[in-house]
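# Overview (structure and organization)
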Amino acid sequence: MKRTLLLTLPALLLAGCAAASEPTKTDALAIESCYPLDYAQQFTVDECAGGYSLITIDGSRYLVVPEGAAVPAELDGDIVVLQQPIENIYLVSSSAMDPIISIGGLGAVALSGTQAENWYLDAARTAMEQGQIVYAGKYSAPDYETILAADCGLAIENTMIYHTPEVKEQLEKFGVPVLVERSSYESGPLARMEWVKLYGILLGKTNEAERVFADAEQRIAPLADEAPTGKTVAFFSITSNNLATVRKGGDYIAEMIKMAGGSYAFADLTDSGNNLATVNISLEDFYAGAKDADVLIYNSTIEGELRSIDELIAKCPMLADFKAVQSGNVWCTAQSLFQQSMELPDLILDMNKVFTEGNPNANELKFLTKLQ
């Protein structure tokens, strides 16, 4: 027998995901179910009677109200109301653009926190070049006049906004709802990609989001049946002040290497007390941890792309002694990688080809280029 629970808003917000009966009055919502998420841990969604959705992200709560429906009475003051259709979005979090594009939601974006020339996503760059999306300033210095003139229905920020809380407060003072997304805090690639379902809920494209995510999930599903390759892998970049930037052992890149059949060279590198995914270590420590790695993958998104092993050695001469350098098993990521947040399966499949085939054809790879 189904357990029922009728809640007014203050009680509903304390209950989390629960089952509920039909509401008996207009100032009450009934939680019917918890929207199913298989991987994401940084947001939850309560599905309520009448098509309302209550989203919770790190303690912040957003009530998505269906088009034409009334905003419930007795709503707690800290709840951000998002009335559909949600239009003229100010998109500051660049990682949110790819999921929105993937579900056909680009038309809901009118303002960007990234300039046209800095987009690697063709659809986003073209939309800006054609004037469909206007640059409205970066997260710390938004163009309030442009944002207000556009009748902005939502600002989507990442957690960098907390470095300038006065900006968030000012946007809200002007009546612009602010949603701070936390996909970068997810520990696995599928968890990050599952945020597409959040944008599906916001934009009324839930079916599209579920289909896109399921397709991505299925692309890498066969890898789960493969045995580990035994290849050890270092994913890194070299800074201008002679440090090595590596991912922590619990980071999603480390998880992707494992899913591809590899073993991350710095798997034991744990959280240093902050939420950053990367850590800078001395070249001596990097040498000790990665000298004998079978594969080196250089992260171009931080310090720029490399074209040759000679360029890599020029940045850090000691790399000439590394096993992977001597065997020619050194690869570089495309700079577009971290904007293409829905294409992570392609990087996993790229890495799997490198780990299993050793020297796959360049036209078979999307995000990795071999350094010669």
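Starting from 1, residues in each chain are numbered consecutively following that chain's sequence as written. Where local features are concerned, this predicted model is filtered to residues with pLDDT of at least 70; where side-chain atom pairs are given and counted, the filter is 80 or more; whole-chain, interface and lining totals use all residues. In computing side-chain values, all of the structure's heavy atoms are included and hydrogens and water are not.

### Describing the nonpolar core
Buried residues of nine kinds, namely Ala, Val, Leu, Ile, Met, Phe, Trp, Tyr and Cys, make up a nonpolar core once their side-chain atoms join them within 4.5 Å. Each residue gets one of three labels from its accessible area relative to the maximum for its type: buried under 20%, exposed over 50%, partly exposed in between, using a 1.4 Å probe on protein chains only. One finds L202 and F286 to be the most contacted residues of the largest nonpolar core, which totals 94 residues. Ranked by residue count, the leading element in this core is helix α14 (residues 344-357), at seven residues. Listed in part, the 14 residues of the second largest apolar core include L111, A155, L171 and V178. The numbering of helices and of strands both runs from the N terminus, where a helix is a DSSP run of H or I of at least 4 residues and a strand a run of E of at least 2.

### A closer look at the packing of aromatic side chains
Between the rings of Phe, Tyr and Trp (Trp by its six-membered ring), a pair exists once the centres lie within 6.5 Å; its type follows the angle of the planes, with under 30 degrees stacked, over 60 edge-to-face, and the other angles tilted. Summed over the entire model, instances satisfying the criterion amount to 10 aromatic pairs. A ring pair is formed by Y39 and F213, whose centres lie 5.9 Å apart and whose planes are at 55°; its orientation type is tilted. In this pair, Y39 is assigned in the loop between β3 (31-34) and β4 (44-48) and F213 in helix α8 (residues 206-220), connecting sequence segments 174 residues apart. Seen in terms of ring centroids, F266 and F286 are 5.8 Å apart; in terms of plane orientation they differ by 15°. Their pairing is stacked. You can see F266 sitting in the loop between β15 (263-264) and β16 (278-282) and its partner F286 sitting in helix α10 (residues 283-290), a full 20 residues away along the chain. Three or more aromatic residues joined by ring pairs make a cluster, and in this case those are F236, Y264, F266, F286, Y287, Y298 and F322. Geometrically, a charge over a ring is one whose NZ (Lys) or CZ (Arg) sits within 6 Å of the ring centre while staying within 35 degrees of the ring normal. When the ring centre of Y185 is taken as reference, the NZ or CZ atom of R182 above it lies at 4.0 Å.

### Concerning α8
The end-to-end C-alpha separation of α8 is 22 Å, in line with the 21 Å expected for 15 residues at 1.5 Å each. Within α8, the full set of buried residues consists of A209, V212, F213, A216, E217 and I220. End-on, the buried residues of α8 take up no more than an arc of 130°, which puts them together on one face. Facing away from the buried side of α8, by more than 90 degrees, are the exposed residues N207 and Q218. The contact criterion used throughout is that any non-hydrogen atoms of two residues lie within 4.5 Å. Taken together, the buried residues of α8 touch α2 (97-102), α6 (189-193), α7 (196-202), α9 (252-259) and α14. Expected helix span is given by 1.5 Å per residue-to-residue step, counting one fewer step than there are residues. An arc is given here, and it is the one of the directions from the helix axis to the C-beta atoms.

### A word on α14
With 14 residues, α14 should reach 20 Å at 1.5 Å per residue; the first-to-last C-alpha distance of 20 Å fits that figure. Within α14, 11 of the 14 residues are buried, leaving the element largely enclosed by the surrounding structure. Along α14, the residues classified as buried are L344, P345, D346, L347, I348, L349, D350, M351, N352, V354 and F355. Note on α14: the residue one or two positions beyond its end, G358, has a positive phi of about 85°.

### Digging into the sheet that holds strand β7 (residues 80-83)
For two strands to be treated as a pair, DSSP must find no fewer than two bridges joining them. Strand order in the open sheet formed by five strands is β3-β4-β5-β6-β7, with mixed pairing between adjacent strands. The open sheet terminates on both sides in strands that have one partner only, identified here as β3 and β7. On average, adjacent strands in this sheet sit at an angle of 25° to one another, irrespective of strand direction. Sheet analysis places strand β6 (residues 60-65) next to β7, joined by four bridges and oriented parallel. When the sheet's bridge partners are listed, V65 is paired in β7 with Q83. Axis definition: a line fitted to C-alpha atoms, limited for helices to the stretch in contact. Angles are taken between N-to-C directions and run from 0 to 180 degrees.

### A few points about the sheet that holds strand β10 (residues 134-135)
A sheet is described by the order of its strands in space; here five strands give the open sequence β10-β9-β8-β11-β12, paired in parallel fashion. The open sheet has two free edges, formed respectively by β10 and β12 (178-180), since each of these has just one partner strand. With two bridges connecting them, strand β9 (residues 109-112) and β10 associate as parallel partners. Within β10, the residue paired with L111 across the bridge is V134. With respect to the sheet, helix α5 (residues 165-173) is in contact with β11 (154-157) and β12, its orientation differing from that of β12 by roughly 145°.

### A look at the environment of P85
By secondary structure assignment, the location of P85 is in the loop between β7 and β8 (89-91). According to the relative accessible area criterion, P85 is partly exposed, its value standing at 41%. A C-alpha to C-alpha distance of 27 Å links P85 and S140, two positions 55 residues apart in sequence.

Interpretation in functional terms is not warranted from these geometric data alone.
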